[in-house]
Amino acid sequence: MIRLAGITKHYLMGDEEVRALDGVDLHIGRNEYVALIGPSGSGKSTLMNLIGCLDSPTSGSYVLNGRDTSAMGDNELAKVRNEEIGFVFQSFHLLPRLTVLDNVAQPLVYRGIPRAERQRLATQALEQVGLGNRLGHRPNQLSGGQRQRVAVARALVGKPSILLADEPTGNLDSRTSLEIMALFDELHRSGQTVVVVTHEPDIAAHCRRTLRVSDGRIVEDTMNAPRGATP
Ligand SMILES: Nc1ncnc2c1ncn2[C@@H]1O[C@H](COP(=O)(O)OP(=O)(O)O)[C@@H](O)[C@H]1O
Ligand SMILES: [Mg+2]
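Since we're looking at a predicted model, the values are computed, not measured.

The rules behind these values
- Residues numbered from 1 in each chain as written.
- Chains lettered and ligands numbered in written order.
- Predicted model: local features only at pLDDT ≥ 70, side-chain atom pairs only at ≥ 80, totals over all residues.
- Heavy atoms only, no water.
- Near = heavy atom within 4 Å.
- Polar contact = N/O pair within 3.5 Å; in protein donor to acceptor, adjacent residues only side chain to side chain.
- Areas by Shrake-Rupley, 256 points an atom, 1.4 Å probe, with all protein chains shown as cover.
- Helix = DSSP H or I, 4+ residues; strand = E, 2+ residues; numbered from the N terminus.
- Axes fitted to C-alpha atoms, helices over the stretch in contact; angles between N-to-C directions.
- Parallel < 35°, antiparallel > 145°, perpendicular 65-115°, else oblique.
- Left-handed = near helix turned anticlockwise from the far one by under 90°.
- Contact = heavy atoms within 4.5 Å.
- Nonpolar A, V, L, I, M, F, W, Y, C, P; charged D, E, K, R; others polar.
- Pairing = 2+ DSSP bridges.

### Concerning the site of ligand 1
So, point 1. In the vicinity of ligand 1, the residues found are Tyr11, Met13, Val18, Ala20, Pro39, Ser40, Gly41, Ser42, Gly43, Lys44, Ser45 and Thr46.
So, point 2. Taking Thr46, its side chain carries an N or O atom lying 2.5 Å from an oxygen atom of ligand 1.
So, point 3. Burial of ligand 1 by the protein chains amounts to 62% of its free accessible area of 570 Å².
So, point 4. Only strand 1 (2-13), strand 2 (16-28) and helix 1 (44-51) provide two or more residues apiece to the shell around ligand 1.
So, point 5. Broken down by element, the shell around ligand 1 gets its largest block of residues, three residues, from helix 1.

This is the structure:
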């Protein structure tokens with residue numbers, strides 16, 4: 001489903017070249033549940049942004065669901081992003097003036113889906129994350145955990161093939177973080193492909209596979225022991 005080969009991403013800062021990604025080969029299949037871990041500055045977000053078609057690589061190839069995205073222009077890439085990718089960020093990225101319902105319905109506007117249908121699908125996504133009773137609230141009338149659940153509903157509303165979350169629990173206390181991870185666990189169980197960036201071992205332990213990133217490369221790729229198993 002996701003196939004990266006020889007991916008690099010270099011930035012020129014003055015006359016210094018920053019190798020944010022320095023040769024990544026990676027395959028992620030359908031319904032995998034993957035944690036990306038590694039120190040700050042190792043390239044995790046850069047890798048997520050490439051997988052999520054928010055950015056394109058300096059070199060290498062990225063095939064998403066059989067389609068080579070390296071060959072795509074910006075418009076085509078935006079369409080793929082809208083249809084295939086659900087993205088959740090550490091800082092929620094909700095629009096403060098819109099209601100919860102309108103925030104979640106937003107990605108469907110670009111697909112030309114009529115308003116009534118958008119609202120029906122958004123309501124369904126909000127019920128799925130346990131917020132069916134907060135449709136008319138504004139983001140600032142919600143707790144951090146609720147805001148992140150709205151962001152998850154927005155990521156899911158278009159039925160993406162991949163859910164990507166970049167440090168989704170970075171702004172949440174530990175109890176709320178657990179709630180969000182329980183939600184991801186449930187989405188994974190119901191068939192969703194999920195990739196989570198985190199630097200917390202407790203969060204990574206929810207996933208089935210851990211990729212460790214260091215200096216722009218994947219240096220370790222391990223399957224996790226089933227949770228609850230005693231060593
Ligand atoms: N837009 C950019 N311009 C220049 N350097 C960048 C840019 N984005 C990231 N970098 C650099 O690339 C490296 C990897 O960054 P990032 O992917 O954000 O790491 P992580 O998410 O693991 O903390 C860092 O050294 C960072 O400074
Ligand atoms: Mg990051």
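### Focus: the packing of helix 5 (residues 144-156) against helix 6 (residues 174-189)
So, point 1. Running from N to C, helix 5 and helix 6 point in directions that differ by 20°, and their axes come no closer than 10 Å. As the angle between them shows, helix 5 and helix 6 are arranged roughly parallel. Both helix 5 and helix 6 take part in a crossing whose hand is right-handed. On the side of helix 5, the interface is formed by Gly145, Gln148, Arg149, Val152 and Leu156, while helix 6 contributes Thr176, Glu179, Ile180, Leu183, Phe184 and Leu187.
So, point 2. Of the residues that constitute the contact of helix 5 with helix 6, the class distribution is six nonpolar, three polar and two charged.

### Brief notes about the pairing of strand 4 (residues 59-64)
So, point 1. As paired elements, strand 1 and strand 4 share five bridges and run antiparallel to each other. Residue pairing in the sheet places Thr8 in a bridge with Ser59 of strand 4.
So, point 2. Judged from the two bridges that link them, strand 4 and strand 5 (residues 67-68) form a sheet pairing that is antiparallel. Bridge assignment links Val63 to a residue of strand 5, and that residue is Asp68.
So, point 3. Connecting strand 4 to the next strand, strand 5, in antiparallel fashion are two residues, including Asn65 with a positive phi near 50°.

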